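Each chain, letter by letter, is given below.
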Amino acid sequence: MKLVKINVVDTVGAGDTVGAVLAEALFNKTWSFNADGSLAASEEQIKKTLKRAAVAAGITCSRKGANPPTNADIDQALAQLK
């Protein structure tokens, strides 16, 4: 994975941003659960979601206050990593 430096302005909201991206994966059915409660997601799906969460948290940390990114912000940042 490529490491990206960001200018940290404020860390408030970074954890909430990660949680929101994980909740989004469940809501969009990227991840789901089996009948026994175990996670039903491929390793690739998990890696993709965690990368998205890390990028989103990085964007949040680069802004003042709890100011999370939009999906468009995240998609644009991910596209720049490729």
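A quick note: this is a predicted structure, and the numbers were derived from the prediction, not measured.

A. Inspection of the nonpolar core at higher detail. Judged by nonpolar contacts, Val-21, Ala-53, Val-55, Ala-56, Ile-59, Ile-74, Ala-77 and Leu-78 together constitute the single largest core of 8 residues. Looking at this core, the elements that each hand over two or more residues are helix H2 (43–61) and helix H3 (71–81). A per-element tally of this core places H2 first, with 4 residues.

B. Molecular detail of the pattern of salt bridges. Throughout the structure, instances matching the rule amount to 4 salt bridges. Measuring nitrogen to oxygen at the nearest pair gives 3.4 Å for the salt bridge that ties Arg-52 to Glu-24. Taken as a pair, Arg-52 in helix H2 and Glu-24 in helix H1 (residues 14–27) lie far apart in primary sequence, 28 residues in all. On the basis of relative accessibility, which here comes to 15%, the residue Arg-52 falls in the buried class. Judged by its relative accessible area of 21%, Glu-24 is partly exposed. The shortest N-O distance in the salt bridge between Arg-63 and Asp-73 comes to 3.0 Å. One end of the pair, Arg-63, is in the loop between H2 and H3; the other, Asp-73, is in helix H3, with 10 residues separating them in the sequence. Linked by salt bridges that have partners in common, Glu-24, Arg-52 and Asp-75 make up one network.

C. The arrangement of H3 in detail. Listing the buried residues of H3 in full gives Ile-74, Ala-77 and Leu-78. Looking straight down H3, one finds that the buried residues subtend no more than 100 degrees of arc, so they occupy a single side. Of the exposed residues in H3, those oriented more than 90 degrees away from the buried face are Ala-72, Ala-79 and Gln-80. For H3, the elements touching its buried residues are H2.

D. Fine view of the layout of surface pockets. Space inside the largest pocket adds up to approximately 390 Å³. Taken together, 15 residues form the lining of the largest pocket, with Val-4, Ile-6, Val-55, Ala-77 and Leu-81 sitting closest to its centre. The set of elements that each furnish at least two residues to the lining of the largest pocket consists of H2 and H3. Looking at side-chain class alone, the lining of the largest pocket contains 9 nonpolar, 4 polar and 2 charged residues. Roughly 300 Å³ of volume is contained in the second largest pocket. Forming the boundary of the second largest pocket are 13 residues, of which Gln-45, Lys-48, Thr-49, Arg-52 and Leu-78 lie nearest the centre. Elements with a minimum of two residues in the lining of the second largest pocket: H1 and H2. Of the residues forming the lining of the second largest pocket, the biggest block, 6 residues, is contributed by H2.

Thresholds, definitions, all that
Residues numbered from 1 in each chain as written. Predicted model: local features only at pLDDT ≥ 70, side-chain atom pairs only at ≥ 80, totals over all residues. Heavy atoms only, no water. Core = buried A, V, L, I, M, F, W, Y, C linked by side-chain atoms within 4.5 Å. Buried < 20%, exposed > 50% of the residue type's maximum accessible area, 1.4 Å probe, protein only. Helix = DSSP H or I, 4+ residues; strand = E, 2+ residues; numbered from the N terminus. Salt bridge = Lys/Arg side-chain N within 4 Å of Asp/Glu carboxyl O. Arc of directions from axis to C-beta. Contact = heavy atoms within 4.5 Å. 1 Å grid on protein atoms, 1.4 Å probe; cavity = no way out; pocket = protein on both sides within 12 Å on 5 of 7 lines; lining within 4 Å. Points joined across faces, edges and corners; volume = space filled by probe spheres on them. Nonpolar A, V, L, I, M, F, W, Y, C, P; charged D, E, K, R; others polar.

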